[in-house]
Protein chains: 4
Amino acid sequence: MLVIMRDHASQAEIDHVVSLLHEAGAEAHLSHGEVKTIIGVIGEREVMYALDLEGLEGVEHVVRVLKPYKLVSRDFQAHDTVITVGTATVGGGAFAVIAGPCSIESEEQMMATARAVKAAGATMLRGGAYKPRTSPYAFQGMGLQGLKLLRAAGDDVGLPVVTEVLDVRDAETVAEWADVLQVGARNMQNFMMLDELGTLRRPILLKRGLSATIEEVLSAAEYVLKGGNRDVMLCERGIRTFETYTRNTLDLAAVAALKTLTHLPIIVDPSHATGRRELIAPMCRAAVATGADGVMVEVHIDPEHARCDGPQSLRPDEFEALVDDITPLVTLEGRTFGRA
Amino acid sequence: MLVIMRDHASQAEIDHVVSLLHEAGAEAHLSHGEVKTIIGVIGEREVMYALDLEGLEGVEHVVRVLKPYKLVSRDFQAHDTVITVGTATVGGGAFAVIAGPCSIESEEQMMATARAVKAAGATMLRGGAYKPRTSPYAFQGMGLQGLKLLRAAGDDVGLPVVTEVLDVRDAETVAEWADVLQVGARNMQNFMMLDELGTLRRPILLKRGLSATIEEVLSAAEYVLKGGNRDVMLCERGIRTFETYTRNTLDLAAVAALKTLTHLPIIVDPSHATGRRELIAPMCRAAVATGADGVMVEVHIDPEHARCDGPQSLRPDEFEALVDDITPLVTLEGRTFGRA
Amino acid sequence: MLVIMRDHASQAEIDHVVSLLHEAGAEAHLSHGEVKTIIGVIGEREVMYALDLEGLEGVEHVVRVLKPYKLVSRDFQAHDTVITVGTATVGGGAFAVIAGPCSIESEEQMMATARAVKAAGATMLRGGAYKPRTSPYAFQGMGLQGLKLLRAAGDDVGLPVVTEVLDVRDAETVAEWADVLQVGARNMQNFMMLDELGTLRRPILLKRGLSATIEEVLSAAEYVLKGGNRDVMLCERGIRTFETYTRNTLDLAAVAALKTLTHLPIIVDPSHATGRRELIAPMCRAAVATGADGVMVEVHIDPEHARCDGPQSLRPDEFEALVDDITPLVTLEGRTFGRA
Amino acid sequence: MLVIMRDHASQAEIDHVVSLLHEAGAEAHLSHGEVKTIIGVIGEREVMYALDLEGLEGVEHVVRVLKPYKLVSRDFQAHDTVITVGTATVGGGAFAVIAGPCSIESEEQMMATARAVKAAGATMLRGGAYKPRTSPYAFQGMGLQGLKLLRAAGDDVGLPVVTEVLDVRDAETVAEWADVLQVGARNMQNFMMLDELGTLRRPILLKRGLSATIEEVLSAAEYVLKGGNRDVMLCERGIRTFETYTRNTLDLAAVAALKTLTHLPIIVDPSHATGRRELIAPMCRAAVATGADGVMVEVHIDPEHARCDGPQSLRPDEFEALVDDITPLVTLEGRTFGRA
């Protein structure tokens, strides 16, 4: 941490900062320029993040050099985290294709979709049982009944299943029925849920919040790892910007940046990011070329009658074409699909 | 809802949309232009929000005319909601001044701050017992012990107390000890928590999410009202934009817009919005002039030793000057401070 | 400037940075921590901004402490700049009310509007002769003929006139006919135009770009002052964010921040910022309470037939009510309208 | 265009809108619902964009169905525009690799870089002679002398040259010395310059503004085509968002969307978009996979001594590796490098 003092800060102001640092157990290294003094601060992460020096007299601003996370960083673990769940693997060269409907609607819909995505080459099956909806008047999902349908469909076709935990109180129940627990964008900084998921023995798929910075995504993942659960996949699903043509703005440079900063696998969700069916294939290709470890795509046997996200859901034949489309790219990038 | 068909959409495509609408129980009104057909749709809010027509063949886009909320709107209730809690009133001409530390740190700090803000003219006392922090290595609050200190301080000075519910599992406990339950920006779309708070008999202070639109704020409040709890205050606390000089961008036009759209009281939090002590007074004045129903300000007896948000916390004497500063403006706007 | 080296940067890397700094004529002050070395750099603004060290081996990042501007800052000139133009004054306690139509459309429209805004209390008259329009198919303004109508209307009612320079080649012509030259948001970083305006003897009204930071606004103004023209007013007119309910997001905290950073007068334009007539009055009140030095408002005698920006234009009676509305606030803030 | 009336708008209000439409020469088609009337409007693009109905009594809002552009759209021209300039081709399957330094600094630097990028496989040479810089104290480019160096270097290696026009008054001069004229992000809505460039016989490379929507980019290009110049390439170079880890946010979904909306070639500039050398290769690969028609990359023989943008400039060997890296992807996408 660097404390940059205002021009011509007084000796008393400098001394005061230094004494506060010592009080807190940190070391201070002073560097005096003609008009400016800069204080380099060294200490434990816990100590540094408890210090709040920006309001002090004479302090211009504080630059944090230390990152707010540790366990998720490449500095802590250089090699890729590889997550194995049932028949599927992701990370370290294994590429995941996660597919299924936005929401689970019926046994028939779930079974038919599961068979179709399995046949087309999906490595995991997704489906929403608890749906976060902006309006309380929109369909909120089938709940536990949906979970059971998802489990049955996954078992039927031999694919591990991914579903969202919407309520921390349901985490254990969801963990009974699902293989991978998804944290939605709106809950990325629901720290209580992250703490709880850190205690479970299920891989977590953590979606980036709509206005979360790269540092905040990594800090959110740190909560889970700190709790003891090392199996976290991050998911880029678009950030909120001024552009309204697409539902959100897919930030693929963040994916490339995350690959350099963390050992955790990174998944890309072009369905939610763009909200437009015609953009899903190019964005899947781009995700592979960027170095992502997988894609997650909404597939519905009958998008016209989907209870949510119809416009961005692929039909099974479109999904099959998509997998065919990305296969040579996955190979070119030196990856293999993470299927048993 | 309007369904705008693509140029020269076929009769079959149009008929298909119309038949789906009838299936769902909605009425369709067609308007044919030379190149375009537009379908006006009329139906119940629940039906309309369950329909997802944007993916259909021949559909260009869908314009939702119906709002995703009802109970919170001025159309549903024209007069201002007035919330009374202990000695304090907010809304309908009563202006709230909510003050206190970012986090509760000790009995001494809490008591001294409570006395200072009461003396300076605060109408409610705030303090954080459960703190949402980006980094798991930062101070997370005193928890239940903090709640009890807040309660005691509020009772001592005769002010109702406001505190954040961070975990839906704690909602009832917090409701036992606090008068007003705050939902933080990161939890604005934690729909499970909103549902739970809808069942409680405590006023809610709902903060706007960092990237939440005006419509999303109102929809979040709708969850609480739909659950049966009509006492909701909204709080503008800055949105996330490209500008980094201030911590967030305070959106006062949203406050003015909300006053036209909803009957709920609107509070402004310039401390979190700006993150800079020197901007708090001008933004409080601007909030009053905009027509807000109150302000919420961080006050700490010793900002230099605050465990969070020191840079944006006012000292008691600064807070006193602030209340003096806004008093003539409050009067000019035809408001009175909401004190018993 | 601070150069923060990567953890355990080699001595050779550090020496290399230092030698580059010396080459450029800057001084380097080293501060060694256990894992990190930080290099404080001191030199002339011109030298510092010519240095680009971020790509060097061993450099983690560079923190610029020196601002990219000088003449516009309070450090350079502590007292408010006061601009006098004809009968109007702005800055240093004098509050400006700039009003008129978005575009000049006819002699009748311009004369009638000029008389109405003068009667209601405007201190300057605005009108657009050259209009920047997103679509080449939209009305582009009356050009020189419009300028002459504006001049005649200003002379008739005794108000100085403000109009936009859209093309650097027209700057001198516009300066012949108008008293204040406006630079639109889209041209805020048209540095060639800023250079040209720096050589003229007319006050400049410089609008903040849609995605310009506070630092960029000040740097743009620096171009004009560096050219020799000290009479610059800045204008906050909303920034582009994810919120679409309002046309842009009015950033009043930036106005308060600018008042601390620069001695130049700050004008607020709520018409373009909100794009909604019903939000103009509350945002004008908020601007006064924030400490702005003036407001700029679109007024049209017949908004329904306006050739641009009808929805956000006030009718003369609405404008009169607005001036009456803000008058007590202007007084409360210790300002007086800047009229001769 | 659709005019959506407020609930229960009066017949007089509806009649008034209709009469204004007829006055303007547009046709009105009414659709009456139980609570709402919707008016469909049909007319010429010029008429529609001159109408401003949103301020009218009884009007809730106006939905523009007609796009503000025509000549640039796929509806107007279905096949890809192919631009040939000297030895280079771009569009219609021909992939461009535009490389060179941010700014032209000396004959030696320019010649050496030109030879290096030609040898590595560049199809066009870029270099900045006029540099837009936030601070007036930063290096502003070599001007005409730089142009001549660029021309000589291009001729020496047999590559067409691309450079920015910063001042409309220089457009003709730049057109004498350069093959492709670049419009920078800050000038994307400098409509006077766009008009001027429409009259020249040089291909234009139009960069997306930092906060420009897809529709605004296309409308800006429309200005050039409307002037008679059909050879325009668009360039995605990152938009401004809240994320600060990268310099801007590269919007590849916009590239995919533009490919569906327009026949003009789309170039991607990952250097300015990310501002980080390590992200350039993955973003170039992603650009190819997205379907872009070319990439533009900053290359400098000695990034450490570059006078601008050092951190994001590749060394010649890194650039060579980059071209090798994307070659199989370009082939996989069915493209060939656009070299003579």
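Being a predicted model, the structure only gives us computed values, none of them experimental. (Residues numbered from 1 in each chain as written. Chains lettered and ligands numbered in written order. Predicted model: local features only at pLDDT ≥ 70, side-chain atom pairs only at ≥ 80, totals over all residues. Heavy atoms only, no water.)

## As for the overall build of chain A
Summing up its helical and strand segments, chain A has eleven helices and 15 strands in all. When its C-alpha atoms are laid out on the principal axes, chain A stretches across 75 × 40 × 40 Å. A burial count over chain A gives 68% of its 340 residues as buried. Sequence separation of 24 or more characterises 69% of the internal contacts of chain A that already satisfy a separation of 6 or more. Just so you have it, chain A exposes about 10,700 Å², and 48% of that area is on carbon and sulfur atoms. Across chain A, the 33 positively charged side chains and the 47 negatively charged ones have centroids separated by 4 Å. (Helix = DSSP H or I, 4+ residues; strand = E, 2+ residues; numbered from the N terminus. Buried < 20%, exposed > 50% of the residue type's maximum accessible area, 1.4 Å probe, protein only. Contact = heavy atoms within 4.5 Å. Areas by Shrake-Rupley, 256 points an atom, 1.4 Å probe, with all protein chains shown as cover. Lys, Arg positive; Asp, Glu negative; His and termini not counted. Charge placed at Lys NZ, Arg CZ, Asp CG, Glu CD.)

## Points about the relation of the copies chain A and chain D
Between chain A and chain D, which share one sequence, the superposing operator has a rotation angle of 180° and an axial displacement of 0.0 Å; the RMSD is 0.1 Å. What the rotation and shift describe, once combined, is the action of a two-fold rotation axis. Measuring from the rotation axis to each C-alpha of chain A, the shortest distance belongs to A286 of chain A, at 2.1 Å. The overlap is high: 100% of the interface residues of chain A also sit at the interface in chain D, so the same surface is used on both sides. (Least-squares fit on C-alpha atoms with pLDDT ≥ 70 in both.)

## With respect to the side chain of S135 of chain B
Mapped onto the elements, S135 of chain B comes out in the loop between β8 (124-126) and α4 (144-157). Within the local environment of S135 of chain B, its side chain forms a polar contact with the backbone nitrogen of Y137 of chain B, the two atoms lying 3.0 Å apart. (Polar contact = N/O pair within 3.5 Å; in protein donor to acceptor, adjacent residues only side chain to side chain.)

## So, the interface of chain A and chain B
Taken together, the contacts link 55 residues of chain A with 55 residues of chain B. Buried area between chain A and chain B, both sides added, is near 4,800 Å², and the carbon and sulfur share of it is 52%. Counting the contacts that link chain A with chain B gives four salt bridges. Put simply, chain A and chain B have 17 residue pairs in polar contact (both at pLDDT 80 or more) between them. Mapped by element, the contributors of at least two residues to the side of chain A that touches chain B are α1 (11-23), α2 (45-50), α6 (191-198) and α7 (214-226) of chain A. The element best represented in the side of chain A that touches chain B is α7 of chain A, accounting for five residues. (Buried area = accessible area lost by both parts, 1.4 Å probe. Salt bridge = Lys/Arg side-chain N within 4 Å of Asp/Glu carboxyl O.)

## With respect to the interface of chain A and chain D
Interface size is commonly expressed as the accessible area that is lost once the parts come together. Each side of the interface is counted separately: chain A has 35 residues, and chain D has 35 residues. Overall, the association of chain A and chain D removes approximately 2,600 Å² of surface from exposure, summing both partners, and the carbon and sulfur fraction of that is 73%. By the criterion of area lost to chain D, the three top residues of chain A are F242, E243 and Y245 of chain A, representing 21% of everything that side buries. Run the count over chain A and chain D and you get four salt bridges. Of the charged contacts, one joins R208 of chain A and E243 of chain D as a salt bridge, the two residues approaching to 2.8 Å between their closest N and O atoms. Summed over the shared surface of chain A and chain D, the number is eight residue pairs in polar contact (both at pLDDT 80 or more). Every element with two or more residues in the side of chain A that touches chain D is listed here: α8 (252-261), α10 (280-290) and α11 (316-332) of chain A.

## Quick look at the sheet that holds strand β4 (residues 59-63) of chain D
All names here are of chain D. In spatial order, the strands read β2-β3-β1-β4; together these four strands make up an open sheet with antiparallel pairing. The open sheet has two free edges, formed respectively by β2 (27-32) and β4, since each of these has just one partner strand. Direction aside, the axes of adjacent strands within the sheet are offset by 20° on average. In this structure, strand β1 (residues 2-5) lies alongside β4, joined through four bridges in antiparallel fashion. Its bridge partner being in β4, I4 is matched across the sheet by H61. The strands that helix α1 (residues 11-24) touches are β1, β2, β3 (37-42) and β4; relative to β3, the one it contacts most, it runs at about 0°. (Pairing = 2+ DSSP bridges. Axes fitted to C-alpha atoms, helices over the stretch in contact; angles between N-to-C directions.)

## Here's the deal with empty space enclosed by the protein
Overall, the coordinates contain six cavities of 30 Å³ or more when judged by the stated rule. Counted as a void, the largest cavity has a volume near 120 Å³. Surrounding the largest cavity, 15 residues form its lining, T241 of chain A, T241 of chain B, R240 and T241 of chain C together with T241 of chain D being those nearest its centre. The residue inventory of the lining of the largest cavity, partitioned by class, reads four nonpolar, seven polar and four charged. (1 Å grid on protein atoms, 1.4 Å probe; cavity = no way out; pocket = protein on both sides within 12 Å on 5 of 7 lines; lining within 4 Å. Points joined across faces, edges and corners; volume = space filled by probe spheres on them. Nonpolar A, V, L, I, M, F, W, Y, C, P; charged D, E, K, R; others polar.)

## A word on the state of the cysteines
All told, the structure shown has zero disulfides over all chains when counted by the stated rule. No disulfide involves C284 of chain C; its nearest neighbouring cysteine sulfur is the one of C235 of chain C, lying 11 Å away. (Disulfide = S-S within 2.5 Å.)

## Points about the packing of aromatic side chains
The final tally for this structure, using the stated rule, is eight aromatic pairs over all chains. Taken together, a centroid distance of 4.7 Å and an interplanar angle of 25° make the contact between F191 of chain D and Y223 of chain D stacked. Residue F191 of chain D is found in helix α6 (residues 191-198), and its partner Y223 of chain D is found in helix α7 (residues 214-226); the two are separated by 32 residues along the sequence. Judged by relative accessible area, Y223 of chain D falls into the buried class, the value being 3%. The ring of Y245 of chain A has R276 of chain A sitting right over it, with the charged end atom 3.8 Å from the ring centre. (Phe/Tyr/Trp six-rings, centres within 6.5 Å; stacked < 30°, edge-to-face > 60°. Lys NZ or Arg CZ within 6 Å of the ring centre and 35° of its normal.)

## Thoughts on the pattern of salt bridges
The full count for this structure, using the stated rule, is 76 salt bridges over all chains. Put simply, D179 of chain D and R151 of chain D hold a salt bridge, and the shortest N to O gap is 3.1 Å. Here R151 of chain D lies in helix α4 (residues 144-157) and D179 of chain D lies in the loop between α5 (171-177) and β10 (180-183), a separation of 28 residues in the sequence. Residue classification places D179 of chain D among the buried residues on the basis of a relative accessible area of 13%. One network of salt bridges, with partners in common, ties together R208, E236 and D251 of chain A together with E243 of chain D.

## Examining the domain arrangement of chain A
As far as domains go, chain A holds domain 1 (2-63) and domain 2 (83-337). Of note, the centres of domain 1 of chain A and domain 2 of chain A, computed from C-alpha atoms alone, are 44 Å apart. (Domains from an automatic or database assignment.)

## Focus: α7 of chain D
Each turn of an α-helix holds 3.6 residues, which means side chains three or four residues apart point in the same direction. Residue and element names in this part refer to chain D. The first and last C-alpha atoms of α7 sit 18 Å apart over 13 residues, in line with the 18 Å expected at 1.5 Å per residue. In terms of burial, α7 is a largely internal element, eleven of the 13 residues being buried. Every buried residue of α7 is accounted for by I214, E216, V217, L218, S219, A220, A221, E222, Y223, V224 and L225. On its buried face, α7 is in contact with α6, β11 (204-207), β12 (232-236) and α8 (252-261). Residue G228 follows α7 closely and has a positive phi angle near 115°. (Expected span 1.5 Å × (residues − 1).)

## Topic: the nonpolar core
Grouped together as the largest cluster of nonpolar side chains are 344 residues, with contacts concentrated most on F319 of chain A, F319 of chain B, F319 of chain C together with F319 of chain D. What F319 of chain B contacts, discounting residues up to four positions off in sequence, is V97, A99, V117, A120, A122, V297, V299 and L314 of chain B. If you look at the next biggest cluster of nonpolar residues, it comprises 20 residues, including V3, L20, A26 and M48 of chain A. (Core = buried A, V, L, I, M, F, W, Y, C linked by side-chain atoms within 4.5 Å.)

## Here's the deal with the pairing of strand β7 (residues 94-100) of chain C
All names here are of chain C. Of all seven residues that make up β7, seven are buried, and the element is covered over most of its length. Here β7 shows two buried faces, one formed by A94, A96, I98 and G100 and the other by F95, V97 and A99. As paired strands, β7 and strand β15 (residues 336-337) are joined by two bridges and run parallel to one another. Considered in β15, the bridge of A94 is made with T336. Both β7 and strand β14 (residues 294-298) contribute to a ladder of five bridges, which runs parallel. Each bridged residue has a counterpart across the sheet, and for I98 the counterpart in β14 is M296. Inspection of the sheet shows β7 paired to strand β8 (residues 124-126) by two bridges, in the parallel sense. Each residue of the ladder has a partner; that of I98, found in β8, is M124. Read from β7 through helix α3 (residues 107-120) to β8, the crossover connection turns out right-handed. (Right-handed = clockwise from strand over helix to strand, strands pointing away.)

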